[in-house]
Amino acid sequence: MSCNPSFGGIGKGHLMREVDALDGLCSRICDQSGVHYKVLNRRKGPAVWGLRAQIDRKLYKQNMQKEILNTPLLTVQEGAVEDLILAEPEPEHTGKYRVSGVVLVNGSTVYAESVVLTTGTFLRGMIVIGLEMHPAGRLGDQPSIGLAQTLEKLGFVVGRLKTGTPPRIAKESINFSILNKQTPDDPSIPFSFINETVWIKPEDQLPCYLTHTNPQVDEIVLENLHLNCHIKETTKGPRYCPSIESKVLRFPNRLHQVWLEPEGMDSDLIYPQGLSVTLPAELQEKMITCIRGLEKAKMIQPGYGVQYDYLDPRQITPSLETHLVQRLFFAGQINGTTGYEEAAAQGVIAGINASLRVRHKPPFVISRTEGYIGVLIDDLTTLGTNEPYRMFTSRAEFRLSLRPDNADSRLTFRGYKEAGCVSQQRYERATWMKSSLEEGISELKSIEFPSSKWKNLIPEASISIGKSLPLRALDVLKYEEVDIELLAKAVPEPLRKYTKCRELAERLKIEATYESVLFHQQQEIKEVQRDEALQLPKDLDYLTLRDVSLSHEVREKLHFSRPQTIGAASRIPGVTPAAIINLLRFVKTTQQRQAAMDRLPKTDQHLCNTDKLEDRQL
């Protein structure tokens, strides 16, 4: 955890759940390493709740390394990659080259059938504090120069992004008594579907504290912009987690939140979330002591900015394999994203597909109708990005269907059957939960009483008895005041058994809440899936294609992004509706021709192919 000591949040918590549904590690490790668990956005519906946790850095590292080093058949080798080993491409796949391994800084080689690059902020990384700049991927670590040069020479389109981190403050120097205290949730909700609880009780967890900037902070920032080369750079930084300098410039005369977050159970460091800064160190100290509660704060490490290379993500497929180099996969900040969760989501998909590629199996692709991972990857591969990309619930069109609570039912079965990445234990648990939910919903639909009787059984519920209409138990469960426990008291049989598992009870409540709107959303999803089912030929040369009427601009955009479906092509900026209709006609005509060819007797087909060959030669 090279930056903030936390995982999850709004949108990001959804990614964590989906990574876990595919048996990714980070969610399970967070459940073993957190010091403060909180669900954000509770005032809104469960579709947009954001699971979040403060993490003990040291504990997370220990638990993650233990898990990795004890994984059967996995060899771990530490070293910096300097170059790629390339071979002749496979003729049946697109790409100029094929990767066959990597060269380390010490000159040694590691051969591989597939390679996944997750370079973080290290590609030609440069750290900035005030007017000082020096090469580094993060404080104390050397950047990756050779690999960046190799990727550029291969023809990848390279861009430049920046991010930053706040200073670290000594815990004992902060006056917490005058600040707003935030306590963890009780009970704490785990990230992983296979964990019923987290490792630590709510009463043993650490609190967070809230303070704010003030006009004095603004003054220090504005008076010293000439001493800050990071803020003057044209390189794009994160829009949704900006530095304090960017916030002061973009939102003048405002107070900005600063969350004081613990870095661990036995750590003396506090991470001031919201105070990312790249001013000279002495000005950072001056600014910190202007803030309420931090008047006597001692800065242990200054904040700094990082500038780094990334590669235009329109150069990768939805499986995260590159168009240029076969069997080479990119994941994380190299694709222009920001955040642990976005990186983990890409990492698990790249890892799955690197393995499937070696075994000559079809790629594992999640569509935007199936998960936030699909939204993330589709946005990157069709739209690209010129600023650090962060996940939000607002990016998903079907967020009522893509909830944190149902990530296992959406992805675990596909992961088990298609990718082989899901353990038997997880598969069996997801199967039990699926059948229990189906059975529970069926039972709730079958129990029906007049509204007057329901009002007598559950007086707490705001049920109208004016017309005394018949109501199903599922309808009663939709009322905010009603949960499964209350329903089971009213109708013990057969509902009592659904109160024994907290997660099952909560999911039944959520399914009831969204029952009517989910029906309509499923119809919309089917329409989108019809477009996604229309595959575009992978070897289509848009620049020379004569059978489709396309403008030169549209041809260039399609050639660069190489969308795999009509749906993906329609989301590329600048690709007009008229172009999509023409592409759609081409795909359908091609499919009809192919179907007609498949119906021909083999002798006729041979003659037809011979005629085509003669036409081409002529």
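Everything here concerns the structure above.
Residues numbered from 1 in each chain as written. Predicted model: local features only at pLDDT ≥ 70, side-chain atom pairs only at ≥ 80, totals over all residues. Heavy atoms only, no water.

1. A look at unusual backbone geometry
The omega torsion of the bond from Asp 186 to Pro 187 falls at 5°, within 30 degrees of zero and hence cis. Note on placement: Pro 187 falls in the loop between β12 (180-182) and β13 (208-212). Omega for the peptide link from Glu 493 to Pro 494 comes to 10°, which places this bond in the cis form. Mapped onto the fold, Pro 494 is located in helix α16 (residues 492-495). The backbone of Leu 320 shows a phi angle near 75°, a positive value even though the residue is not glycine. Following the sequence through the fold, Leu 320 ends up in the loop between β17 (304-311) and β18 (325-326). Leu 320 gets classed as buried once you look at its relative accessible area, which sits at 0%. (Helix = DSSP H or I, 4+ residues; strand = E, 2+ residues; numbered from the N terminus. Buried < 20%, exposed > 50% of the residue type's maximum accessible area, 1.4 Å probe, protein only.)

2. Looking at the pattern of salt bridges
Within this structure, the stated rule accounts for 40 salt bridges. Here Asp 312 makes a salt bridge to Arg 314, at a shortest N to O gap of 2.8 Å. The class for Asp 312 is buried, based on a relative accessible area of 11%. The exposure class of Arg 314 is partly exposed, given its relative accessible area of 26%. For Arg 368, the salt bridge is made with Asp 378, and the minimal N-O distance between the two is 2.6 Å. With a gap of ten residues between them, Arg 368 in the loop between α9 (340-358) and α10 (372-383) and Asp 378 in helix α10 connect regions that are remote in the sequence. Salt bridges sharing common partners tie together Glu 90, Glu 113, Glu 321, Arg 327 and Arg 357. (Salt bridge = Lys/Arg side-chain N within 4 Å of Asp/Glu carboxyl O.)

3. Side note on the sheet that holds β17
One open sheet holds the four strands; their spatial order is β9-β8-β17-β10, and the pairing between them is antiparallel. If you trace the sheet from one side to the other, it starts and ends with β9 (132-135) and β10 (158-165), each paired once. Across the sheet, the axes of successive neighbouring strands diverge by a mean angle of 25°, strand direction being ignored. As paired strands, strand β8 (residues 126-129) and β17 are joined by three bridges and run antiparallel to one another. Looking across to β17, one finds that Val 128 is bridged to Gly 305. (Pairing = 2+ DSSP bridges. Axes fitted to C-alpha atoms, helices over the stretch in contact; angles between N-to-C directions.)

4. Quick notes on the nonpolar core
One finds Phe 7, Leu 151, Phe 156, Leu 328, Phe 330, Ile 349 and Ile 373 to be the most contacted residues of the largest nonpolar core, which totals 67 residues. Tallying contributions element by element places α9 first for this core, with nine residues. Residues within four places of Leu 151 in sequence aside, it is in contact with Leu 84, Leu 117, Leu 123, Phe 156, Leu 311, Phe 330 and Ile 334. Core analysis: the second largest hydrophobic core is formed by 28 residues, Leu 444, Phe 449, Ala 461 and Val 482 among them. (Core = buried A, V, L, I, M, F, W, Y, C linked by side-chain atoms within 4.5 Å. Contact = heavy atoms within 4.5 Å.)

5. A short note on helix α2 (residues 26-33)
Along an α-helix, residues three or four positions apart point the same way, because every turn accommodates 3.6 residues. Counting buried residues along α2, seven of its eight residues qualify, which places the element largely inside the surrounding structure. When α2 is considered as a whole, its buried residues turn out to be Cys 26, Ser 27, Arg 28, Ile 29, Cys 30, Asp 31 and Ser 33.

6. Regarding the environment of Pro 207
Mapping Pro 207 onto the fold places it in the loop between β12 and β13. Separated by 297 residues in sequence, Pro 207 and Leu 504 have C-alpha atoms that sit 29 Å apart. Beyond its immediate chain neighbours, meaning those up to four positions away, Pro 207 contacts His 36, Lys 181, Gln 182 and Pro 262.

7. Some details on the packing of aromatic side chains
This structure, assessed with the given rule, holds seven aromatic pairs. When the centroid spacing of 5.1 Å and the interplanar angle of 35° are considered together, the rings of Phe 7 and Tyr 340 count as tilted. On the criterion of sequence distance, the pair formed by Phe 7 in strand β1 (residues 6-8) and Tyr 340 in helix α9 is long-range, its members being 333 residues apart. Here the two residues Phe 7 and Tyr 340 agree in accessibility, since each one is buried. For the cation-ring pair, Arg 17 lies above Phe 193, with the distance from its terminal atom to the ring centre recorded as 4.5 Å. (Phe/Tyr/Trp six-rings, centres within 6.5 Å; stacked < 30°, edge-to-face > 60°. Lys NZ or Arg CZ within 6 Å of the ring centre and 35° of its normal.)

Read these as spatial facts, not as claims about activity.
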